[in-house]
Amino acid sequence: MFADLTPLRTSPDFRRLWFGTSVTWVGQGMTALAISLQVYDITRSSFSVGLVGLCSLVPLVVFGLYGGAIADTVDRRKLGLVSSTGLAVLSAVLAVAAFAGFDRVWFLYAIVALQAVCVALSSPARSSMIPRLMPAEQLRAANALNSMTTTFGTLVGPSLGGLVVGLSGYQSAYLIDAIAFSASLYAMWRLPAMPPERAAGADGGKRASVLDGLRFLGTRPNLRMTFFSDFCAMILAHPRALFPAIAVLWYGGDARTTGLLVAAPAFGALLGGVLSGWQGRIHHHGQAILLSVAAWGTAIAAFGLTRNLWLGLCLLVVAGYSDTVSMIFRNTMLQVAAPDEMRGRLQGVFIVVVAGGPRLGDFLAGSVADLASPAVAITGGGLACVLAIGLLGLYGKGFRRYDGRAPVA
């Protein structure tokens, strides 16, 4: 039942990278919360805090594709080092500005945008390195372990950030984040050089093209289906934007209730990584993705029908668990079925989908809730997700038959 730790035991490089990434995610979670708190402290405006997310979304979407193309052109280790160093420097700049009392909102927005650019360059490089550090049969376990670092940082980082800011100010949170990057930088420094592996006869001096990556994806139906399936969940059945309203309307709660609703899917996602051992016995990854997305939609639809807080939280935990299962198998398919020279660009597309899908889902859920009601938006969205993933399953016969032991893109 529990996570397969084989990649940590057999690959010292992956072990160092995993530990460094875990520490980095916690630090970045601290900084993200500290920036939001500082913006609100300066402006006393929730709208201004909301703009923080927009400042990160636009660079992630714009530079995500180009970051993947760069990762397919240069040494990925060097790209990871440079972009992670950039993130560490930006956290240090935030700390220096806070110590100096420089509290300008435009400055914080600019730092957030630059952080997003660095993340858009770093993430494709990091993800493309993983298949080079271990055999293909260990990639599913490695992706499960990586999902735990992301979720752990998302859960623990903001909590620690609030505690640190409350005790010693914004500057301490930013400084801790800058220091935390040393673990990640050391891990990448110890890695071997990782230039993209070219197919026989390919021009090694040619710069990887974003359009070539999209054309490649257009000829690989199974890889396309991994993105379509995620859109079904994140656009049609993503109720996060409605949590503040339903905390009051359905449960008679307050901000603490909203916090529980936000934390429940994240806790389920963490369980998805911790309790991932059984996934090693699943070889039909396409079927696993279809079923897990259907489970997400079903849990969200049922959540829209209940007015019992604890039952609702349990359903959100199930949804978060299902989403992580889908993500693990989708990431594994991208890493195994795609050639090394294309992995960076596909990971760039993955970033755009992960960053943009939930935002579109927030917009759709909020619009339907205003036109009808939160219950219609949530339950209807969950049922639409189940219907859409069912239709995709009927259409994608090759996706249903996909076998991880003989991957076909």
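Quantities reported herein were computed from a predicted structural model and do not represent experimental measurements.

Trainee: Which residues make up the overall build of the chain, and what values do they have?
Mentor: Secondary structure assignment for the chain yields 16 helices and zero strands. Over its C-alpha trace the chain gives a radius of gyration of 21 Å, about what one expects of a compact globule, namely 22 Å for 409 residues. C-alpha extents for the chain along the principal axes are approximately 60 × 55 × 40 Å. Within the span of the chain, comprising 409 residues, buried residues form 53% of the whole. Roughly 17400 Å² of accessible area belongs to the chain as shown, and the carbon and sulfur atoms make up 70% of that amount. Of the charged side chains in the chain, 30 are positive and 19 negative; the average position of the first set lies 4 Å away from that of the second.

Trainee: With reference to specific residues and values, describe the pattern of salt bridges.
Mentor: By the definition in use, this model includes 11 salt bridges. In this structure, Asp41 and Arg44 form a salt bridge, with 3.3 Å as the shortest nitrogen-oxygen distance. Relative accessible area serves as the criterion here: at 41%, Asp41 is assigned to the partly exposed category. Note on Arg44: relative accessible area 56%, which makes it exposed. Through salt bridges with shared partners, a single network forms among Asp72, Arg76, Arg132, Asp340, Arg343 and Arg345.

Trainee: Please provide a residue-by-residue account of the nonpolar core, values included.
Mentor: By size, the foremost hydrophobic cluster in this structure holds 55 residues, and its most contacted members are Leu223, Ile246, Leu261, Trp296 and Phe303. For this core, the secondary structure elements donating two or more residues are α8 (210-218), α9 (221-236), α10 (243-249), α11 (255-274), α12 (285-303), α13 (309-337), α14 (340-371) and α15 (374-395). It is α13 that provides the largest number of residues to this core, a total of 13 residues. Among all residues touching Leu261, those that are not within four sequence positions of it are Phe243, Ile246, Ala247, Tyr251, Phe303, Leu309, Leu313 and Leu316. Ala34, Ala88, Leu108 and Val165 belong to the second largest nonpolar core, which has 25 residues in total.

Trainee: Mind laying out helix α4 (residues 76-99), listing which residues take part and the relevant values?
Mentor: Between its first and last C-alpha, α4 extends 35 Å over 24 residues, near the 34 Å set by a 1.5 Å rise per residue. Where α4 terminates, the next one or two residues include Gly101, which has phi positive at roughly 75°.

Trainee: Requested: an account of the packing of aromatic side chains, with residues and values cited.
Mentor: The geometry of two aromatic rings is summed up by the distance between their centres and the angle between their planes. Scanning all chains against the criterion turns up six aromatic pairs. A centroid spacing of 6.3 Å and a plane angle of 80° characterise the contact between Trp250 and Tyr251, whose relative ring orientation is edge-to-face. Taking the relative accessible area as the measure of exposure, Tyr251 reaches 16% and is therefore buried. Taken together, Phe243, Trp250, Tyr251 and Phe303 form an aromatic cluster joined through their ring pairs. Its end group placed over the ring of Trp189, Arg77 keeps NZ or CZ at 5.4 Å from the ring centre. One Lys or Arg, Arg307, reaches over the ring of Trp250 and ends 3.8 Å from the middle of that ring.

Trainee: Can you break down the confidence of the model for the chain residue by residue, with the values?
Mentor: Across the chain, the average pLDDT comes to 87, with 96% of residues at or above 70. Between the elements of the chain, mean pLDDT differs from a low of 81, seen in α8, to a high of 95, seen in α12.

Trainee: Describe a nonpolar patch on the surface, with residues and values.
Mentor: A cluster of nonpolar residues, Leu54, Val58, Val62 and Phe63, forms a patch on the protein surface that exposes about 330 Å² of accessible area. Examined against the element boundaries, Leu54 turns out to sit in helix α3 (residues 46-71). On the accessibility criterion, Leu54 (45% relative accessible area) is partly exposed.

Trainee: Which residues make up the side chain of Asp72, and what values go with them?
Mentor: Within the secondary structure, Asp72 sits in the loop between α3 and α4. Accessibility expressed as a relative area gives 0% for Asp72, which makes it buried. A distance of 2.8 Å separates polar atoms of two side chains, one belonging to Asp72 and the other to Arg345.

So, how was this worked out
- Residues numbered from 1 in each chain as written.
- Predicted model: local features only at pLDDT ≥ 70, side-chain atom pairs only at ≥ 80, totals over all residues.
- Heavy atoms only, no water.
- Helix = DSSP H or I, 4+ residues; strand = E, 2+ residues; numbered from the N terminus.
- Rg over C-alpha atoms; globule rule 2.2 N^0.38 Å.
- Buried < 20%, exposed > 50% of the residue type's maximum accessible area, 1.4 Å probe, protein only.
- Areas by Shrake-Rupley, 256 points an atom, 1.4 Å probe, with all protein chains shown as cover.
- Lys, Arg positive; Asp, Glu negative; His and termini not counted.
- Charge placed at Lys NZ, Arg CZ, Asp CG, Glu CD.
- Salt bridge = Lys/Arg side-chain N within 4 Å of Asp/Glu carboxyl O.
- Core = buried A, V, L, I, M, F, W, Y, C linked by side-chain atoms within 4.5 Å.
- Contact = heavy atoms within 4.5 Å.
- Expected span 1.5 Å × (residues − 1).
- Phe/Tyr/Trp six-rings, centres within 6.5 Å; stacked < 30°, edge-to-face > 60°.
- Lys NZ or Arg CZ within 6 Å of the ring centre and 35° of its normal.
- pLDDT = per-residue confidence, 0-100.
- Patch = residues over 30% accessible without salt bridge, like charges linked within 9 Å, V, L, I, M, F, W, Y side chains within 5 Å.
- Polar contact = N/O pair within 3.5 Å; in protein donor to acceptor, adjacent residues only side chain to side chain.

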